[in-house]
Amino acid sequence: MIDIKALKDNPEYRAGAEKKGASADLLDELVASDDTRRSLQTEVETLRAEANAAAKDIGKADPSEREAKIAAASELKKTLGAKEAVYAEAQAKVDELILQVPNPAHESVPVGDEDAYEVVEVVGEQIAAPPMDHAEYGHAMGWVDTELGATVSGSRFAYLKGEAVLLELALVQWVMAKLVGRGFNPVIPPVLVREDMMVDAGFFPTDRNQVYDITEDELFLIGTSEVALAGMHRGERFEADGLPLRYAGFSSCFRREAGTYGKDTRGIFRVHQFDKVEMFIWSDPAKSWEEHELLREIEQEILNELGFSYRVINVASGDLGDPAAKKYDCEVWLPSEGTYRELTSCSNYTDYSARRLKTRVKGEDGTALAHTLNGTACAVGRTLLNLFEHYQQPDGSFVVPEVLQPICGLTTIAPPK
RNA sequence: GGAGAGGUGGCCGAGCCAGGUUGAAGGCGCUCCCCUGCUAAGGGAGUAAGGGGUUUAAAACCUCUUCGUGGGUUCAAAUCCCACCCUCUCCGCCA
């Protein structure tokens, strides 16, 4: 949720929202309806103050005067009720409009649609495709069984088997240890959450059709542990010197992938269920941009140590999504497709999410909304399939990345028979 | 799943049965001041959050909302009624 006051008073803030595609008409209408709302609020509150005073007066009044005073107060209540109805309408109008306004983009975000991204850094070479693409290789090695997954659960589900499981566990262990070393608190959150949590985390109503709904129990499967991590400090007020708070959540993630029929159908690139280590930071508003760079640095360090070729892009304003003021995507070179594909990303939501979560920071100049940031440390499934291509040898054998070897106890894995 | 108890300010905890000077006693903590050679102890004052308005250099002031959440009754609700959520204890079941 955005800051209406800033929208009204701060031209830069407004420009940032327009950069994200919010129309001038929408913004004008929001500001105007908020003005109306506030003047109605004053009227309602004045009436309410009168009614409160009248009620107190009755409590103190002599019994003989009570009846007349009660009658008068009763009339006042009717007037108040009518005004309240008008106010409620004005409030509803503002609520409806404000949810349509995205978090203003940071000044460093390139303006434009999806293709207007800015390449921040390119690491490694665009290596040639190995004999088998990730899907073929996963199947040949007996690591990924999408057919069985489809039989048991439907399309976009898979069984992960054999050494791939050991690789996954090693990846998670390695990444978690790294994050703990960076001051992150490890968390395994619930994967089922209530509706209000989905709303507060900013996923409902916009992404409702992407989320699995457990109707019977009124619970929803999270698409990322970000949802549950955001819930850890709802309504709290931090001391500024207690920040930043950094969490590393590990969970399975569930996505309906509605509207992606025919897209990325090979292997486990796009599946309904995958595991992910997610970073989440509660920051002092004054320091969130430093934290954002930290997230990028960690993501790059992970990619570097896994030996991937990749590039980092500064995502363009039109492709940011509502909550992010700025987002970096780390796209790994996928040789079989001859292109860079997104593996991790990190965003600064500034106060957009915290406003709904009501999470504040008490600092020297009073309280302010906290800033929240999140970033992928390791999307396990996609990392694995990138490893399948980067570490596949010409003879079909697989060399385990050095950093994972001591954890999973494997060095090379024999080619498929 | 069955039975019971309970959710009040940063924390503990009264108030609820008998609705009205209770935004909430008391205590702890915290802040400031006094006292004290240091420390400890003692004395005094202050101390909820959020929204809106007026004004200011800053402050101050007015007002609304909030006693788990959402409704209801009433001139008036922490207090009465309804629904929901959560926590705890006991029983049952169970990785």
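Cut-offs applied
Residues numbered from 1 in each chain as written. Chains lettered and ligands numbered in written order. Predicted model: local features only at pLDDT ≥ 70, side-chain atom pairs only at ≥ 80, totals over all residues. Heavy atoms only, no water. pLDDT = per-residue confidence, 0-100. 1 Å grid on protein atoms, 1.4 Å probe; cavity = no way out; pocket = protein on both sides within 12 Å on 5 of 7 lines; lining within 4 Å. Points joined across faces, edges and corners; volume = space filled by probe spheres on them. Helix = DSSP H or I, 4+ residues; strand = E, 2+ residues; numbered from the N terminus. Nonpolar A, V, L, I, M, F, W, Y, C, P; charged D, E, K, R; others polar. Buried < 20%, exposed > 50% of the residue type's maximum accessible area, 1.4 Å probe, protein only. Contact = heavy atoms within 4.5 Å. Near = heavy atom within 4 Å. Phe/Tyr/Trp six-rings, centres within 6.5 Å; stacked < 30°, edge-to-face > 60°.

**Q** I tried to follow the confidence of the model for chain A on my own but got confused; where do I start?
**A** Confidence in the prediction of chain A, expressed as mean pLDDT, is 92, and 100% of residues score 70 or more. Quick note on the complex model: pTM equals 0.92, ipTM equals 0.84.

**Q** Looking at this model, I keep getting lost on empty space enclosed by the protein. Mind explaining?
**A** Sizing a probe to match a water molecule and rolling it over the atoms shows the empty space that remains. Counting across every chain of the model gives 1 cavity of 30 Å³ or more. The calculated volume of the largest cavity comes to roughly 30 Å³. Along the walls of the largest cavity sit Ile302, Leu303, Leu306, Leu343, Thr344, Ala377, Cys378, Ala379 and Thr383, which together make up its complete lining. Contributing elements (two or more residues each) for the lining of the largest cavity: helix H10 (288–305), strand E13 (339–348) and strand E16 (371–379). Residues of the lining of the largest cavity, tallied by class, amount to 7 nonpolar, 2 polar and no charged.

**Q** Looking at this structure, I do not really get the environment of Pro130. What am I missing?
**A** In this structure, Pro130 sits in the loop between strand E1 (118–123) and helix H5 (134–140). Judged by relative accessible area, Pro130 falls into the buried class, the value being 14%. Along the sequence, Pro130 and Gln392 sit 262 residues apart, while their C-alpha atoms lie 6.7 Å from each other. Not counting the four nearest positions on each side in its chain, Pro130 is found in contact with Pro335, Glu389 and Gln392.

**Q** I would appreciate a short explanation of the protein's contact with RNA strand B in the present structure.
**A** Neighbouring residues of RNA strand B: 21 residues in total, closest Arg38, Glu45, Lys77, Arg194 and Thr367. A share of 75% of the atoms of RNA strand B within 4 Å of the protein falls on sugar and phosphate groups. Elements with a minimum of two residues in the surface near RNA strand B: helix H3 (24–60) and helix H4 (63–98). No other element matches H3, which puts 11 residues into the surface near RNA strand B.

**Q** Where do I start with the packing of aromatic side chains in this structure?
**A** Pairs of aromatic rings are described using the distance from one ring centre to the other and the angle between the two planes. Applying the stated criterion to the full structure yields 10 aromatic pairs. Measuring from ring centre to ring centre gives 5.9 Å for Tyr137 and Trp143, while their planes differ by 85 degrees; the resulting arrangement is edge-to-face. Side by side, Tyr137 and Trp143 carry an identical accessibility label, which is buried. Judged by centre distance (6.4 Å) and plane angle (35 degrees), the ring pair of Tyr137 and Phe398 falls under tilted. Pair noted here: Tyr137 is in helix H5 and Phe398 is in strand E17 (residues 398–399), with a separation of 261 residues, a long-range link. On the basis of relative accessibility, which here comes to 0%, the residue Phe398 falls in the buried class. Ring pairs connect the aromatic residues Tyr137, Trp143, Phe388, Tyr391 and Phe398, which therefore count as one cluster.

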